Amino acid sequence: MAEYVTLDTGTGIVHSAPAYGVDDFLTCKAYGMPDGDILNPVMGDGHYASTLPLFGGKTIWDANRDICEAMKQVGTLFNLNMMTHSYMHCWRHKTPIVYRATSQWFAGMDVKPRAGGITLREAALKGVAQTRFFPDWGRARLNAMIANRPDWTLSRQRQWGVPMAFFVHKETGELHPRTSELLEEIAKRVEKEGIEAWQRLDPAELLGDEAAMYEKNRDTLDVWFDSGATHLTVLRTSHADILNWPADLYLEGSDQHRGWFHSSLLTGCMLDGQPPYRMLLTHGFVVDGEGKKMSKSLGNVIAPQKVFDSLGADILRLWVAATDFPGNSVFLMKS
């Protein structure tokens, strides 16, 4: 039984593909399906794994036609009707997205610390209550996002980014028992040689005879964790002699309640049990002459340096200083 199956549409019976849909995954898990029984033959590049019979090595798009033909040959295709429907696309690259189940690493929002105390969600909500907001509506926005968000997925399956440099057991998936010690050793190598030090590393160099039982984790860290941890590197390391912790003020655009404000709050509460800031100031977006938000992906950005060179820096300063940011949702700049 599943809540998304209705009696007034179709037959009331649908197939479930738990590796390729959130609703399907949750339903199958709720009825006790083990992770090992979830078939996931689609690789990260959109091709079927070579071990899959009939369609191995083909892209999911090319295989559609072949799947229908194979069903015809064995007499299991009752009817074929072509249709066009909407499909998920990446907001940045504008390309199709395939949902598929993968192993991930999470920061648990509601996990009780082993040493006792409140959960990460409780600490973050407490931090929101202690923070001053400009404008005031920012408090309700950030509070709602923290109160209703799921666990934080920290891992990303990308070639670029900060590696989550640890070793996992090939059979159990458990972290190596000396993970903290190994991370410190890897960090020293990266500091000297760059990120490539982790890419080049042979596990045997650090694990010795245990290397055969472990594999390098290939995931990279969510970039929001990177930006959210800047308070540690800036306020307490590179500029510790001239700055205080927590910061008096963080300021950014209104989208950062789900971005930098958000991740900084969570990392601060992870490390210190409180936000890394006392106040948050939210401003609007710069838009072009047609009212569209300026962004790198749209290519409609005017570089501040261009304004400096043509009109002088004081003009830009005057424009910013004259803007009533709490009373306006966006700034306006015409090209």
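Above this text you will find the structure in question.
Throughout this document, residue positions are counted from 1 along each chain, in the order its sequence is written. Selection of residues for local features in this predicted model requires a pLDDT of at least 70, selection of side-chain atom pairs for listing and counting requires 80 or more, and totals for whole chains, interfaces and linings are taken over all residues. The basis for every side-chain value is the complete set of heavy atoms in the structure, and neither hydrogens nor water enter the calculation.

Colleague: So what exactly am I meant to see when it comes to the overall build of the protein here?
Modeller: Looking only at helices and strands, one finds 12 helices and 11 strands in the protein. Only C-alpha atoms enter the radius of gyration; for comparison, a globular chain is expected to reach 2.2 Å times N to the power 0.38, where N is the number of residues. Rg of the C-alpha trace for the protein: 25 Å, well past the compact-globule value of 20 Å for 335 residues, more than 25% over. With respect to the three principal axes, the spread of C-alpha positions in the protein is 75 × 55 × 40 Å. Per-residue accessibility, obtained with a 1.4 Å probe over protein chains only, is compared with the maximum for each type, and a residue is labelled buried under 20%, exposed over 50%, and partly exposed between these values. Every one of the 335 residues in the protein was classed for burial, and the buried ones make up 29%. Whether two residues touch is decided by their heavy atoms; if any such pair falls within 4.5 Å, the residues are in contact. Considering only intrachain contacts with a sequence separation of at least 6, the fraction spanning at least 24 residues in the protein is 58%. Only carbon and sulfur atoms are counted for the fraction: they give 57% of the accessible area of the protein, which is about 22300 Å². For the purpose of charge, His is not counted, nor are the chain termini; Lys and Arg are scored as positive and Asp and Glu as negative. Note on charges: their place is set at NZ of Lys, CZ of Arg, CG of Asp or CD of Glu. Here the protein holds 34 positive side-chain charges and 40 negative ones, and the gap between their average locations is 4 Å. In this description a helix means any DSSP run of H or I spanning at least four residues, a strand means any run of E spanning at least two, and both kinds are numbered starting from the N terminus. For the accessible areas, the method is Shrake-Rupley and the probe is 1.4 Å, while residue cover comes only from the protein chains on display.

Colleague: Just checking my understanding: could you explain the packing of aromatic side chains for this structure?
Modeller: How two aromatic rings sit relative to each other is given by the distance of their centres and the angle of their planes. Note on aromatic contacts: the rings of Phe and Tyr and the six-membered ring of Trp form a pair at centre separations within 6.5 Å, being stacked when their planes are under 30 degrees apart, edge-to-face when over 60 apart, and tilted otherwise. In the structure shown here, the tally under the stated rule is seven aromatic pairs. A network of ring pairs unites the aromatic residues Tyr250, Trp260, Phe261 and Tyr277 as a single cluster. Its guanidinium or amino end placed over the ring of Trp245, Arg236 lies 4.0 Å from that ring's centre, counting from NZ or CZ. By the criterion adopted, a ring carries a charge over it if an Arg CZ or a Lys NZ lies within 6 Å of its centre and within 35 degrees of its normal.

Colleague: Help me understand the nonpolar core, please; the structure alone is not making it clear to me.
Modeller: Each nonpolar core is a collection of buried residues, namely Ala, Val, Leu, Ile, Met, Phe, Trp, Tyr and Cys, held together in the definition by side-chain atoms within 4.5 Å. Formed by 24 residues in total, the largest nonpolar core has its most connected members in Leu142, Leu265, Leu266, Tyr277 and Leu280. Counting only elements with at least two residues in this core, the list comes to helix H3 (120-130), helix H4 (137-148), strand S8 (247-253), helix H10 (260-272) and strand S9 (277-283).

Colleague: Quick question: what am I supposed to make of the pairing of S9 here?
Modeller: Remark: a regular strand shows side chains that alternate across the two faces of the sheet. Note that strand S2 (residues 132-134) and S9 share three bridges and pair parallel. Within S9, the position partnered with Phe134 by the bridge is Leu281. Two strands qualify as a pair provided DSSP detects at least 2 bridges between them. Across six bridges, S8 lies against S9 in parallel orientation. Paired with Leu251 across the strands is Leu281, a residue of S9. This β-α-β element, S8 to H10 to S9, shows right-handed connectivity. If you view a crossover with the strands going away from you and the path from the first strand over the helix to the second runs clockwise, you call it right-handed.

Colleague: Explanation requested: the sheet that holds S2 in the structure shown.
Modeller: Neighbouring strands of a sheet are bound in pairs by backbone hydrogen bonds; such pairs are parallel or else antiparallel. Here we have three strands laid out as an open sheet, ordered S2-S9-S8, and parallel in their pairing. The open sheet is flanked by S2 and S8, the only strands paired with a single partner. Shown here is a sheet whose adjacent strand axes are inclined to one another by a mean of 20°, direction ignored. Here, axes are lines fitted to C-alpha atoms. For helices the fit covers the stretch in contact, and angles between N-to-C directions go from 0 to 180 degrees. Along the sheet, H10 contacts S8 and S9; its crossing angle with S8, the most-contacted strand, is approximately 145°.

Colleague: I keep staring at a positive patch on the surface and nothing clicks. Help me out?
Modeller: On the surface, Arg92, Lys94, Arg141, Arg258, Lys293 and Lys296 cluster together into a patch of positive charge. Take Lys296: it is sitting in the loop between strand S10 (285-287) and helix H11 (304-311). Patch membership is restricted to residues that have no salt bridge and whose relative accessible area is over 30%. Joining uses 9 Å for like charges and 5 Å for the nonpolar side chains Val, Leu, Ile, Met, Phe, Trp and Tyr. Criterion for a salt bridge: a side-chain nitrogen of Lys or Arg within 4 Å of a carboxyl oxygen of Asp or Glu.

Colleague: Mind showing me how you'd approach the environment of Lys94 here?
Modeller: Secondary-structure assignment places Lys94 in the loop between helix H2 (60-74) and strand S1 (106-107). For Lys94 and Arg114, which are 20 residues apart along the polypeptide, the C-alpha to C-alpha distance reads 43 Å. N or O atoms closer than or at 3.5 Å make up a polar contact, with two conditions inside protein: a donor-capable atom paired with an acceptor-capable one, and, for residues adjacent in sequence, both atoms drawn from side chains. A polar atom in the side chain of Lys94 sits 3.5 Å from the backbone oxygen of Arg92.

Taken by themselves, the reported measurements are silent on function.
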